[in-house]
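Residues per chain, in single letters:
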Amino acid sequence: MKALAVDIGGTHANCGLVENDRVLVHESVDLAGTTNIRTVLSRVAEVLRRLVNQRSLSFHDFQGIAVGFPGLVDSRIGRVVSTNKKYDDAPEVDFTVWGRDALGLPLRIENDARLALLGESYGGAARSFSDVVMMTLGTGIGGVAMIEGRLLRGKHAQAGCLGGHFPAVFNGRPCTCGAIGCAEAEASGWALPGIVQEFPGFAESSLSKLSHVDFRQLFEAAVNGDKVAQAVRDRCLNIWAVDAVGLIHAYDPEVIVIGGGVMESANIILPYVESYVHKYAWTPWGKVQIRPAELANNAALVGAVPLLSETIGHTALTS
Ligand SMILES: [Zn+2]
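No experiment lies behind these values; they were computed from the predicted model shown.

Peer 1: Any details on the nonpolar core? Residues and values, ideally.
Peer 2: The biggest cluster of nonpolar side chains holds 47 residues, and the ones touching the most others in it are L207, W240, I256, I258, I269 and V277. Looking at this core, the elements with two or more residues in it are strand 8 (132-137), strand 9 (141-147), helix 4 (183-187), helix 5 (192-197), helix 6 (215-223), helix 7 (227-251), strand 11 (255-259) and helix 8 (266-280). In contact with I269, not counting residues within four places along its chain, are L137, F219, L237, W240, V262 and M263. Formed by 34 residues, the second largest nonpolar core is a distinct cluster that contains I8, A13, L107 and I109.

Okay, here's the thing in structure tokens:
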């Protein structure tokens, strides 16, 4: 099956043409300063049209389009249910109608982290597993679940996709979701500058000389012996590991796939999470495997074909 695929992020949209588990071609669209989803969609359509033309294909050669969106999405009705300060007009858009009118194709939209998990399950690190949790550690924290080969969605489409908002600290930092002490509020890219600045000893730390602290700088400073950086890094490792245990207790996976920008430091993160999980998770059947994601930024694109092939009720969208 050939499909069009779009992964809409906070600052970029990754647009691609896929055939089964292969990305034929993809292009990143810069969305910096764009807050309106309709503007995003018209730019995405333009890029897809060009990519299709460049390969001397037409939209008729594709069975559908899959869209990943960074918010709560009900893929059964093709709509964004709720946003978190990104493209807040998206719930007003009927994406299925847009796909038909703009591209002449069936469309399915899904939460971006769920779509990435579908990709890793179909053609990446979770290929041979039916029960999978994927954590994405980056600007935010994604935590999504697949049980018995199917994405977990739930009554209001928010089951199994809010793993970054598991409570980690009961009296912790305010989160963008409205809760307190979520894993994401305690150990994500957007929260990191505030966490570092409020950490005791920050004024004497090498981090105080940086205009904006990200995880690459934090891990570097920690390796170079900066005490505050080491303490904050170790705290983040702990939060991620605690979140992993929560996800295991909630969803009973065989494997946790970890991806996201922070995984540049996979050599530190994976062994830490693995040993913590093997020590503290209650899994009498054995040990949950901890694996790095394989598809990086293309995971959601590779999720397009399985999403479009998925049956809703008794009907496959593209049959
Ligand atoms: Zn939260």
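Peer 1: With reference to specific residues and values, describe the packing of aromatic side chains.
Peer 2: A full pass over the atoms with the stated rule returns six aromatic pairs. Taken together through their ring pairs, the aromatic side chains of F215, F219 and W240 make up a single cluster.

Peer 1: If you had to explain the pattern of salt bridges to someone new, which residues and values would you point to?
Peer 2: All chains considered together, the criterion is met by 14 salt bridges. Residue E110 pairs with R153 through a salt bridge whose shortest N-O separation is 2.7 Å. Separated by 43 residues along the polypeptide, E110 in strand 7 (residues 107-111) and R153 in the loop between strand 10 (150-151) and helix 4 bring together distant segments of the chain. Like E110, the residue R153 is buried in the burial classification. Residues R233 and D234 are paired through a salt bridge, measuring 3.1 Å at the closest nitrogen-oxygen approach. What emerges from the salt-bridge pattern is a single network uniting R108, E110, R114, R153 and E310.

Peer 1: Pulling in residues and values, what's your account of the coordination of the zinc ion?
Peer 2: Those protein atoms acting as donors to the zinc ion are H165 (ND1), C175 (SG), C177 (SG) and C182 (SG), and they sit at 2.0 to 2.3 Å. Every donor counted, the four donor atoms about the zinc ion form angles of 104 to 121° at the centre, which fits tetrahedral coordination. C177 gets classed as partly exposed once you look at its relative accessible area, which sits at 40%.

Peer 1: I'd like a description of the pairing of strand 11, backed by residues and values.
Peer 2: Counting buried residues in strand 11 gives five out of five residues, a clear majority hidden from the surface. Where burial is concerned, the two faces of strand 11 agree: the one with V255, V257 and G259 and the one with I256 and I258 are both buried. One ladder, built from five bridges, connects strand 8 with strand 11; its direction is parallel. When the sheet's bridge partners are listed, T136 is paired in strand 11 with G259. Two strands pair when backbone bridges link them, and strand 11 and strand 12 (residues 289-292) are joined in this way by four bridges, in the parallel orientation. Across the sheet, V257 pairs through a bridge with R291, a residue of strand 12. Running through helix 8, the crossover from strand 11 to the neighbouring parallel element strand 12 is right-handed.

Peer 1: So what about the side chain of E120? Which residues, and what values?
Peer 2: You can see E120 is positioned in helix 3 (residues 112-123). No salt bridge forms around the buried E120; measuring N to O, its nearest opposite-charge neighbour R127 is 7.3 Å away. Here the side chain of E120 touches A125 through a polar contact of 2.8 Å, landing on its backbone nitrogen. Once residues within four sequence positions are removed from consideration, E120 is found in contact with A125, A126, R127, M134, V257, A293, E294, L295, A296 and A299.

Peer 1: Report on the packing of helix 6 against helix 7, specifying residues and quantitative values.
Peer 2: The interhelical angle for the contact between helix 6 and helix 7, taken along N-to-C directions, is 120°, at an axis separation of 8 Å. The pairing of helix 6 with helix 7 is recorded here as oblique in orientation. Considering the relative orientation of helix 6 and helix 7, their crossing is left-handed. When helix 6 is examined against helix 7, the residues F215, L218, F219, A221 and A222 are found in contact with a partner set consisting of A229, Q230, V232, R233, C236 and W240. Its residues assigned to classes, the contact of helix 6 with helix 7 shows nine nonpolar, one polar and one charged.

What counts, and at which threshold
- Throughout, residues of each chain are indexed from 1 in the direction in which the sequence is written.
- The model is predicted, so local features are restricted to residues of pLDDT at least 70 and side-chain atom pairs to those at 80 or more, both for listing and for counting; the totals for chains, interfaces and linings are taken over all residues.
- Side-chain calculation: all heavy atoms of the structure are included, whereas hydrogens and water are not.
- Residue types Ala, Val, Leu, Ile, Met, Phe, Trp, Tyr and Cys, when buried and joined through side-chain atoms within 4.5 Å, form a set referred to as a nonpolar core.
- Note on classification: 1.4 Å probe, protein chains only; a residue is buried when its accessible area is under 20% of the maximum for its type, exposed when over 50%, partly exposed between these limits.
- Helix and strand definitions follow DSSP, with helices as H or I runs of at least four residues and strands as E runs of at least two, each counted in order from the N terminus.
- By definition in these notes, contact holds between two residues if any of their heavy atoms fall within 4.5 Å.
- Between 30 and 60 degrees the pair is tilted, below 30 it is stacked and above 60 it is edge-to-face, where a pair is any two Phe, Tyr or Trp rings, Trp via its six-membered ring, whose centres lie within 6.5 Å.
- Should a side-chain nitrogen of Lys or Arg be within 4 Å of a carboxyl oxygen of Asp or Glu, the pair is scored as a salt bridge.
- With water excluded from the atoms, a metal site may look incomplete; its donors are any N, O or S atoms within 2.8 Å, or within 3.2 Å for Na, K and Ca.
- Labels for metal geometry use angle windows, namely 85 to 135 degrees for all angles of a four-donor tetrahedral site, and for square planar (four donors) or octahedral (six donors) sites opposite donors over 155 degrees apart plus all others within 65 to 115; sites meeting none of these are irregular.
- Two strands pair under a simple rule: DSSP has to find at least two bridges between them.
- With the strands pointing away from the viewer, any crossover whose connection runs clockwise from the first strand over the helix to the second is right-handed.
- Positive: Lys, Arg. Negative: Asp, Glu. His and the chain ends are not part of the count.
- Under this definition, polar contacts are N or O atom pairs within 3.5 Å; protein pairs additionally need one hydrogen-donor-capable and one acceptor-capable atom, and for neighbouring residues in sequence, both atoms have to be side-chain atoms.
- Axis definition: a line fitted to C-alpha atoms, limited for helices to the stretch in contact. Angles are taken between N-to-C directions and run from 0 to 180 degrees.
- For this classification, under 35 degrees means roughly parallel, over 145 means roughly antiparallel, 65 to 115 means roughly perpendicular, and everything else is oblique.
- By definition, turning the near helix anticlockwise from the far helix through less than a right angle yields a left-handed crossing, and turning it clockwise yields a right-handed one.
- Any residue outside Ala, Val, Leu, Ile, Met, Phe, Trp, Tyr, Cys, Pro, Asp, Glu, Lys and Arg is labelled polar, Gly included; the first ten of those are nonpolar and the last four are charged.

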